[in-house]
Amino acid sequence: MSFQGPAVQNRSAGSAVRARQHLFNDRTLDAYRDALAAGVDRVGDRIARADRPFSGISPQQLAPEIVDIDLDRPLEDPAAALDELEDVYLRDAVYFHHPRYLAHLNCPVVIPALLGEAVLTAVNSSLDTWDQSAGATLIERRLIDWTAGRIGFGVDADGVFTSGGSQSNLQALLLAREEALTAATTATTTAATATATATATAEERTALLPRLRILASRAGHFSVQKSAKLLGLAPDAVVTVPTGADRRMDTAALARELERCRAENLPVLAVVATAGTTDFGTIDPLPAVADLCEQHGAWLHVDAAYGCGLLVSPTRRHLLDGIERARSVTVDYHKSFFQPVSSSALVVSDSAVLRHATHHADYLNPARAVEQRIPNQVDKSLQTTRRFDALKLWLTLRIMGADAVGSLFDEVVDRAAAAHDLLSTDPRFEVVTRSQLSTVVFRYRPDGAPDGEHLDRANLHAREALAASGEAVVAGTRVDGRHYLKFTLLNPETTLDDIAHVLDLLAGHAAGHLAASAA
């Protein structure tokens, strides 16, 4: 029985009919095509008119426009919603396709990947189980196999797509932690009872966890520290290994730390080498690091989130020599394969270790599915519901090909080398070590100017003033306690003239700040 009057029932029925008009199905295809075409046109118009990478708007300026929108009063009309979106997003978005966006590890994206994005969002497969994805599962698995082959792993390799490098690093260290606990437990178990699948008891884990150590370069990614915390390790679990003047891991220092950990009975669950540091674009000496890991029985994880583009480079693949000796590798296709976010993966040399991420739920991936050889990706992943992000890379490879992607990455590496040369001969700036990839770290410091906090403030001001103008966007970091500026070049359309122009703008802002401060 309904306690609503006829008028209320009629309004509810009418509302339900209107709502169904927005569902994507065989009866709403015209609306779907019209809406997406309008969205594509709107983005295209904005890209065509973007004469700078950023509007320069501040959070304080933009926030009121968004806060004032009443989300309980729909606009009903897609055109009206796109008009509103122009004001609250498109107008002030940061456009990575612009050649003077030089800041972070954000790449312009290739059109085949955008095609993949349009397809995958409409079909909306979920990659957790076969019965929610079918062919999507097999496509992802094929791409993992392809990536493993490019790394140099053997037939036992496996992996899974992830949300990004941070998640890949977290999962790699989770697997390494579980292997370290198993190894420590096995080592203390009598020969009669020890097995390869021994697991630590709760008491053993409690005793072992505070002693586990991760060795990582000083220039490595901060996600290693975050992962250690999430994995329940001790606050001092991550041991920072110094770098040399070239900002690569000092292998002599790594050897000393490995020996120290052995002497102090501190099991090393992993050594994290970086193939493309975020700040410097440097690659740790992978063969030497791998040698030390083998000598000490340590898990080698290579964070190649940035440097993975070298896997398809026609000219620079040798820079990753030694990566094939890792036990796990992080790959971010959405950095150097020119893919939209997210498109990343964790690849391991031995598929058996992925069991540490497996939990069987009767309603989703029951254990019998393994016996029936049903491929459920949730058995390998930290996520359950997961997008079919692999499709973007699949269409990129099927339309462009790997060599084309690699040639684009080679272009930005070449451009960074030219930018380094330009800065090295410019008396207004000092430049840090030459990158093996596409990063350039430098500092405004005109000839003869004494170093100090005044130059720190000038460099900080230059970056902020440049962003506020919208003329260009650059990044910043600290090197040996001082503030530096940073170019991260991932756009093949960026020219040396673009870079020279941005340097002139930065020098002008910094010089103006110093002059104003001295007045």
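Residues numbered from 1 in each chain as written. Predicted model: local features only at pLDDT ≥ 70, side-chain atom pairs only at ≥ 80, totals over all residues. Heavy atoms only, no water.

A. How the structure looks around the sheet that holds strand S7 (residues 328-332). Strands sit in the order S2-S8-S7-S6-S5-S3-S4 across an open sheet of seven strands; the sheet is mixed. Looking at the sheet topology across the chains shown, the edges are occupied by strand S2 (158-162) and strand S4 (238-241). Sheet twist, expressed as the average angle between the axes of neighbouring strands with direction ignored, equals 20°. Relative to S4, strand S3 (residues 213-217) runs parallel, the two sharing four bridges. Its bridge partner lying in S4, leucine 215 is registered against valine 239. Of the strands in this sheet, S2, S7 and strand S8 (344-348) are in contact with helix H6 (residues 135-151), which crosses S2 at around 115°. Its contacts with the sheet place helix H10 (residues 251-263) against S3, S4 and strand S5 (268-274), and it is angled at close to 170° to S3. (Pairing = 2+ DSSP bridges. Helix = DSSP H or I, 4+ residues; strand = E, 2+ residues; numbered from the N terminus. Axes fitted to C-alpha atoms, helices over the stretch in contact; angles between N-to-C directions. Contact = heavy atoms within 4.5 Å.)

B. Summary view of a nonpolar patch on the surface. There is a patch of nonpolar side chains on the surface, built from Leu115, Val119, Val123 and Ile399 and spanning about 350 Å² of accessible area. Tallying contributions element by element places helix H5 (residues 111-123) first for the nonpolar patch, with three residues. Counting through the fold element by element, valine 123 comes out in helix H5. (Patch = residues over 30% accessible without salt bridge, like charges linked within 9 Å, V, L, I, M, F, W, Y side chains within 5 Å. Areas by Shrake-Rupley, 256 points an atom, 1.4 Å probe, with all protein chains shown as cover. Salt bridge = Lys/Arg side-chain N within 4 Å of Asp/Glu carboxyl O.)

C. Representation of the side chain of asparagine 169 within the structure. Tracing the chain through its elements places asparagine 169 in helix H7 (residues 165-187). At 2.7 Å, the side chain of asparagine 169 forms a polar contact with the side chain of threonine 330. Apart from residues lying up to four places away in sequence, asparagine 169 is in contact with Ser223, Ser227, His301, Asp303 and Thr330. (Polar contact = N/O pair within 3.5 Å; in protein donor to acceptor, adjacent residues only side chain to side chain.)

D. Looking closely at the confidence of the model for the protein. Averaged over all residues, the pLDDT of the protein is 94; the fraction at 70 or higher stands at 94%. Per-residue pLDDT stays below 50 along residues 190-197; that stretch engages in four contacts with residues further than four places along the chain or on separate chains. (pLDDT = per-residue confidence, 0-100.)

E. Empty space enclosed by the protein, seen in detail. One pass over the full model with this rule turns up one cavity of 30 Å³ or more. By volume, the largest cavity is sized at about 30 Å³. In terms of lining, the largest cavity is formed by Val413, Ala416, Ala417, His420, Arg434, Ser435, Leu437, Thr439 and Val440. At the level of secondary structure, the elements contributing two or more residues to the lining of the largest cavity comprise helix H15 (402-424) and strand S10 (439-444). Of all the elements, H15 adds the most residues to the lining of the largest cavity, at four residues. The residue inventory of the lining of the largest cavity, partitioned by class, reads five nonpolar, three polar and one charged. (1 Å grid on protein atoms, 1.4 Å probe; cavity = no way out; pocket = protein on both sides within 12 Å on 5 of 7 lines; lining within 4 Å. Points joined across faces, edges and corners; volume = space filled by probe spheres on them. Nonpolar A, V, L, I, M, F, W, Y, C, P; charged D, E, K, R; others polar.)

F. The arrangement of the pattern of salt bridges in detail. Applying the stated criterion to the full structure yields 44 salt bridges. Here glutamate 117 makes a salt bridge to arginine 387, at a shortest N to O gap of 2.2 Å. With a gap of 270 residues between them, glutamate 117 in helix H5 and arginine 387 in the loop between helix H13 (368-371) and helix H14 (390-399) connect regions that are remote in the sequence. Here glutamate 117 falls in the buried class, since its relative accessible area comes to 17%. Relative accessible area serves as the criterion here: at 35%, arginine 387 is assigned to the partly exposed category. Across the pair arginine 260 and glutamate 264 runs a salt bridge whose closest N-O atoms are separated by 3.1 Å. Judged by its relative accessible area of 45%, glutamate 264 falls in the partly exposed class. One network of salt bridges, in which partners are shared, links Glu430, Arg443, Arg445, Asp451, Asp456 and Arg482. (Buried < 20%, exposed > 50% of the residue type's maximum accessible area, 1.4 Å probe, protein only.)

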